[in-house]
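Coordinate analysis (summary)
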Amino acid sequence: MLFNSYEFAIFLPLVFLSYWFIFQRNLKLQNLFILSVSYLFYGWWDWKFLILIALTSICSWGSGLLVEHYDKEETGKFNKRKWITAANLILNLGILGFFKYYNFFVINFIELFASMGITLEATTLKIILPVGISFYTFQALSYTIDVYRRDIKATKDLVSFMAYVSFFPQLVAGPIERATNLLPQFYKPRTFNYSDAVDGGRQILWGLFKKIVVADNCAILANYIFGNSADMPGSALVIGAICFAFQIYGDFSGYSDIAIGTGRLFGIKLMRNFNFPYFSRDIAEFWRRWHISLTTWFRDYIYIPLGGSRKGKWASIRNTMIIFLVSGLWHGANWTFVIWGAFHALLFLPLLLLGKNRKNTGIVAQNSFLPSFKEFLQMGLTFVLVLIGWIIFRANNIEHLWSYLSGIFDSSLFKSPMYVSMINDNLIKNVLFVAILVLVEWFQRKREHGLQIMGLIKQRWLRITIYYVVIFLIAMVGAKQAQFIYFQF
Amino acid sequence: MKRFLKQFLLFSILPVAVFLITSIIYADGFIDPFYLRFTTPKQQNLIIGTSRAAQGILPSVLKSNLNKDFYNYSFTVSHSPFGEAYYNSIIRKLNKRTKDGIFIISVDPFSITSHYDNDGKESFVNEKMIEKQMTVSMNPNIEFIIKNGLSPWRAIFSHHKIVKNEITFLHKDGWMEVKYPWTAEKYKTNLEVKMKDYRKNQMNRKRSSHRVYYLKKTIQSLQKYGKVYLVRIPTAKEMYDLENDLLPNFNYRIQEIADQYKVPYIDCSKDFSIYQTTDGNHLFHPSAKRFTQALCDSIVSSR
């Protein structure tokens, strides 16, 4: 079920009313209800993959209990806690690896050996990637590791745990929640909070605007230009890259806004996933603002355990490379994602080595309306670097990437792209939608989301008018329903 | 909670009301080639077929001659060749209280043939729209608008700007009028394009026993509610020849079916010198009027 579908428009109010009016009095029933509707939500796509999510949940829950049980019986050299945790990690990563990377590794091994003159016979499988597998697997792993580290107590409440792994608003595309934040929220009764629910509604509306108006309209041009890049002038290729930059941002941050807003309707607070990343002044700041839940996951569960930046320069370089490469590979089984990760690592490392990676931690233009000239240049340069990264990310393969990049840097960069009818028909409206997004987010950069206007705009009639304008734009100029990009990851 | 629900209703009721009211008042035959067909009530007398029938048979002419309200429930060769999807849709559109209805079923070689993939699997992919459209007599047809990503509704607000250049208009009785500024030169170009397209894309079709089965089932089902007439609408000579290449014994097969179910088969395929088409395939609207008039005469004489 997609957030931008009519099924969800019926599903959400029904679940909301049942949750507060029928199940509120009994916490266990309410959690069981969340679990059931979350499985319905996921099973709407393909019920067969419910088995996988149930398996991941039950094994992680069981391993947590065993790890805690052996906590008191720790004797001898054989560390049962470690082995149980490792077994659960291997199982979950094994499932993820099989569904996501099996064919990728088989093909690359065959090609590697073929380049050495050795012919290997292996067959690839027709594997369907279960939606959101990377998200819920990482969420389950966070619990396993946290229990092992004794950061959280193992839960005996299977229903709460399964609801934590499968909570429908963030199940298929995040934010990737931490057990320490989300799981305890299933232990205690939730109370309805009017202002939180209303602001959740606003956040959903803003998320829908970002997805349906900005991302899906930008997708039309981005898909066309990337799909026909060989026939496009350099100027069109730049437009394609910019459109993709706003497509992926609108799509993914829009999803996160809808997820967080939906969570708030149910009295559950999910972590922030985006913090206006295109206003970043350097790459380090960009990574503190983009897909925050994944970045912090890698930081806490890979970077810091490896030693982080405490073990000298070379260890810092190694650890940085590792998390960026893993982050790239997390997005999919394609060398372009690995190169994208490496590209960002190379941009990040100079800042880390010069000790400037935490230079820009505050909000840009904190005390003024407009950025200074320096800040403006910094944001522009960071955006250009991110844009190059998005070309790497979006390219179908390495040859496509190379031809796209070399297509930009030739004389056709200065040729008008308006002779391409698709660009001529769509460019102005895309510029307009992106301009609305950027302006609203600039105004709102100190807040949680674009429509958090309570307190900012005192007049009620003006706030209501703004909501209706957003609804009007979604209805009138939203592009045709498209799947969220991050579902494939 | 009450306050929240009130606000939620406030923000949902107004947009929904605007959506419903504008759809009822402003949706016309310009906004979409199919939408109005799913908004009219269930019907007693139907015209069934592909775009050839949609443009070539005028319910208004039938009404003035046969004193019955007709409805043209034909779509295109992609959407409504004979098959399960179209059959179910016809049955949904039919008023089950009908006793002496008239049902004109347009037949041509393309409506009983199919494309097949490399594995020999018959393709029904283009009939999905008709198959999934469960409501066929609801105004406004929310299902159709939603399933088409609101585009028919959005067209209400945008089509007035382009209406002057718009040449297709779906009448309330289901007739698809193509307001075509006919010239011999344009016709020649259109004919060439159409024939090229059909030679390239339609001549790899093969006779489909599935489609023949559903043609028979359609006849059989509609016979319970009145009289059925099979009609072959005239085309240009070039198209007629093409059809003969595709299914040389088409007329013989249809006559067999007509005899089996004891229904008249009015074959006008050789009348290409009498009527003018816009592109070799569809009757030009003055010719469509004349053809429908002639069809009325044939129906009256066959009674």
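Here the structure is a predicted model, which is why all the values come from computation and not from measurement. (Residues numbered from 1 in each chain as written. Chains lettered and ligands numbered in written order. Predicted model: local features only at pLDDT ≥ 70, side-chain atom pairs only at ≥ 80, totals over all residues. Heavy atoms only, no water.)

Okay, the packing of aromatic side chains next. Aromatic ring pairs are defined here through the distance separating the ring centres and the angle between the ring planes. The final tally for this structure, using the stated rule, is 79 aromatic pairs over all chains. Aromatic pair Y19 of chain A and W20 of chain A: ring centres 4.8 Å apart, planes at 90 degrees, arrangement edge-to-face. Here Y19 of chain A matches W20 of chain A in class, with each residue buried. The ring of W330 of chain A has K100 of chain A sitting right over it, with the charged end atom 5.1 Å from the ring centre. Over the ring of Y71 of chain B we find K93 of chain B, and its NZ or CZ is 5.1 Å from the ring centre. (Phe/Tyr/Trp six-rings, centres within 6.5 Å; stacked < 30°, edge-to-face > 60°. Buried < 20%, exposed > 50% of the residue type's maximum accessible area, 1.4 Å probe, protein only. Lys NZ or Arg CZ within 6 Å of the ring centre and 35° of its normal.)

So, about the pairing of strand β3 (residues 101-106) of chain B. Walk down a regular strand and you will see the side chains alternate between the two sheet faces. All names here are of chain B. With 6 of 6 residues buried, β3 lies mostly within the body of the structure. Residues G101, F103 and I105 point to one face of β3 and I102, I104 and S106 to the other, with burial holding for every one of them. As paired strands, β3 and strand β8 (residues 226-232) are joined by 6 bridges and run parallel to one another. By the bridge assignment for β8, G101 is matched with G226. (Helix = DSSP H or I, 4+ residues; strand = E, 2+ residues; numbered from the N terminus. Pairing = 2+ DSSP bridges.)

Turning to the nonpolar core, a few remarks are in order. Residues F138, Y164, F168, Y278, W290, W390 and I423 of chain A are the most contacted members of the largest nonpolar core, which totals 152 residues. The residues touching Y164 of chain A, leaving out its near neighbours within four places in the chain, are Q139, S142, Y143, Q170, E177, R178, A179, L182, L183 and F186 of chain A. By size, the runner-up hydrophobic cluster in this structure holds 59 residues, among which are A475 of chain A together with L46, Y187 and V212 of chain B. (Core = buried A, V, L, I, M, F, W, Y, C linked by side-chain atoms within 4.5 Å. Contact = heavy atoms within 4.5 Å.)

Chain-level statistics for chain B give a pLDDT mean of 91 and a share of 97% at 70 or above. For this predicted complex, the interface score ipTM comes out at 0.72, alongside a pTM of 0.82. (pLDDT = per-residue confidence, 0-100.)

Quick look at the interface of chain B and chain A now. Taken together, the contact between chain B and chain A spans 15 residues of the former and 21 residues of the latter. For the pair chain B and chain A, the summed buried surface comes to about 1,700 Å²; carbon and sulfur atoms form 75% of the total. When the area that chain B buries against chain A is broken down by residue, the three leading residues are M1, F4 and F11 of chain B, summing to 38%. At the boundary of chain B and chain A, one finds 0 salt bridges. Summed over the shared surface of chain B and chain A, the number is 6 residue pairs in polar contact (both at pLDDT 80 or more). Secondary structure elements with two or more residues in the side of chain B that touches chain A: α1 (2-26) and α7 (151-162) of chain B. At 9 residues, the largest contribution of residues to the side of chain B that touches chain A is made by α1 of chain B. (Buried area = accessible area lost by both parts, 1.4 Å probe. Salt bridge = Lys/Arg side-chain N within 4 Å of Asp/Glu carboxyl O. Polar contact = N/O pair within 3.5 Å; in protein donor to acceptor, adjacent residues only side chain to side chain.)

Now for the environment of F226 of chain A. Residues and elements named next belong to chain A. Mapped onto the fold, F226 is located in helix α8 (residues 194-227). F226 sits in the buried class, given a relative accessible area of 2%. Placed 152 residues apart in sequence, F226 and Q378 show a C-alpha to C-alpha distance of 27 Å. Apart from the residues within four sequence positions on either side, F226 is in contact with G240, A241, F244, I391, R394, A395, H400 and Y404.

A few words on helix α5 (residues 133-148) of chain A. All names here are of chain A. Taking 1.5 Å per residue as the helical rise, α5 with its 16 residues ought to reach 22 Å, and the 22 Å between its terminal C-alpha atoms agrees with that figure. Here α5 lies mainly inside the structure; 15 of its 16 residues are buried. Once α5 ends, the next one or two residues include R150, with phi positive near 65 degrees. (Expected span 1.5 Å × (residues − 1).)

What follows concerns the sheet that holds β3 of chain B. The 5 strands lie next to each other as β2-β1-β3-β8-β9 (chain B), forming an open sheet whose pairing is parallel. Either end of the sheet is taken by a strand with one partner, and the two such strands are β2 (71-72) and β9 (265-267) of chain B.

So, on to the side chain of K210 of chain A. Residues and elements named next belong to chain A. In this fold, K210 is placed in helix α8. Accessibility expressed as a relative area gives 3% for K210, which makes it buried. Apart from the residues lying within four places of it in its own chain, the contact partners of K210 are A215, Y249, G250, D251, S253, G254, D257, L437 and E441.

In this section: the pattern of salt bridges. All names here are of chain A. Tallied over the full model, the rule gives 24 salt bridges over all chains. Its salt-bridge partner being D300, residue R178 comes within 2.9 Å of it at the nearest N-O pair. Separated by 122 residues along the polypeptide, R178 in the loop between α6 (158-166) and α7 (179-182) and D300 in helix α11 (residues 292-303) bring together distant segments of the chain. R178 sits in the buried class, given a relative accessible area of 12%. Judged by its relative accessible area of 18%, D300 is buried.

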